[in-house]
Amino acid sequence: MNLILQKLNTLKDELKVYNAKLIAVSKTYPTASIESALEAGQVDFGENKVQEMVQKYEALPKNIRWHMIGHLQSNKVKYIASFVHLIHAVDSEKLLKEINKEALKNDRVIDCLLQVHIAQEETKFGFSAQEIQDLIASATFKSLQHIRIVGLMGMATNTTNQDQISSEFKVLKSIFVFLKNEYLLSNIEMKELSMGMSNDYLLACQEGSTMVRIGSAIFGSRN
Ligand SMILES: *Cc1c(COP(=O)(O)O)cnc(C)c1O
């Protein structure tokens, strides 16, 4: 368990230079691992499955900020709407409307990131830059006052080609800057760029990430 503390401290030192926030991705790891990280001062944790997040939320201290980083199905938003801190992977208008509805029921505003498809792989979810512009320009979007878009999230291609990874992160950063300058709406505040995982977080930081989502580099490899 001391190993978690060591790895966290090393990471935090590395990230300090870039001013990037660390989201400790705790999916598949036991609550004991999260408690160790919590003792080391880590309060932001990421999960990619609703049921697992709810179970951990119920079992662990309430000062933890829970980040939903995985693909989220609309019919499951209701289970996390009361407590989720940030939803990273919003990839459809349908999902956004559902988050807005459940946020209203809970009398709160839920912060969200729009996921952008930047990787070459077909399998990764997310909007294109044009789709985001169409979404934001719609009347529906303006009516969603219980969500707030605070930035973008993206995943680079799973490759060892560093140049390719960097150029994909560059694309995401440029879309972020464009949207930040172009759209001044009450439910948008472009400030977070969630990019970078265990394998590519340094490249992501170099390209302007403000939030890295790191699991295995802290908690060890998953089965
Ligand atoms: C699992 C996961 C991560 C963390 O992956 P590691 O390689 O363990 O750092 C980051 N982002 C998303 C969306 C994930 O599903």
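Note: the structure precedes this text.
All figures in this text were calculated on a predicted structure; none of them were measured in a lab.

(A) Main features of the overall build of the protein. When you go through the protein residue by residue, the secondary structure sums to 10 helices and 8 strands. In terms of overall size, the protein behaves like a compact globule, its C-alpha atoms giving a radius of gyration of 17 Å where 223 residues would be expected to give roughly 17 Å. Its C-alpha atoms put the protein at 50 × 40 × 30 Å along the principal axes. Across the protein, the fraction of contacts at a sequence separation of at least 24, relative to all contacts at a separation of at least 6, is 61%. For the protein, the exposed surface amounts to about 10,700 Å²; the carbon and sulfur share of it is 49%. Distance from the positive charge centre (25 side chains) to the negative charge centre (25 side chains) of the protein: 4 Å.

(B) The arrangement of the site of the ligand in detail. The environment of the ligand is formed by Val25, Lys27, Ile69, Met153, Met155, Met197, Ser198, Arg213, Ile214, Gly215, Ser216 and Arg222. One nitrogen or oxygen atom from the side chain of Ser198 is found 2.5 Å from an oxygen atom belonging to the ligand. With the chains in place, 90% of the 390 Å² that the ligand exposes on its own is no longer accessible. One can see that the ligand is located within the largest pocket.

(C) Expanded view of unusual backbone geometry. Of note in the backbone geometry, Asn19 takes a positive phi value of approximately 60 degrees without being a glycine. Looking at the element boundaries, Asn19 is found in the loop between α1 (2-16) and β1 (21-25). A positive phi is found at Thr28, a non-glycine position, where the angle reads about 75 degrees. Along the chain, Thr28 falls in the loop between β1 and α2 (31-39).

(D) Layout of the environment of Ile80. Relative to the elements of secondary structure, Ile80 occurs in helix α4 (residues 77-80). Classification of Ile80 as buried rests on a relative accessible area of 0%. For Ile80 and Lys142, which are 62 residues apart along the polypeptide, the C-alpha to C-alpha distance reads 23 Å. Contacts of Ile80, omitting those with residues within four sequence positions, involve Val50, Met53, Val54, Met68, Leu72 and Ile87.

The rules behind the values
Residues numbered from 1 in each chain as written. Predicted model: local features only at pLDDT ≥ 70, side-chain atom pairs only at ≥ 80, totals over all residues. Heavy atoms only, no water. Helix = DSSP H or I, 4+ residues; strand = E, 2+ residues; numbered from the N terminus. Rg over C-alpha atoms; globule rule 2.2 N^0.38 Å. Contact = heavy atoms within 4.5 Å. Areas by Shrake-Rupley, 256 points an atom, 1.4 Å probe, with all protein chains shown as cover. Lys, Arg positive; Asp, Glu negative; His and termini not counted. Charge placed at Lys NZ, Arg CZ, Asp CG, Glu CD. Near = heavy atom within 4 Å. Polar contact = N/O pair within 3.5 Å; in protein donor to acceptor, adjacent residues only side chain to side chain. 1 Å grid on protein atoms, 1.4 Å probe; cavity = no way out; pocket = protein on both sides within 12 Å on 5 of 7 lines; lining within 4 Å. Sits in = over half its atoms within 2 Å of the grid points. Buried < 20%, exposed > 50% of the residue type's maximum accessible area, 1.4 Å probe, protein only.

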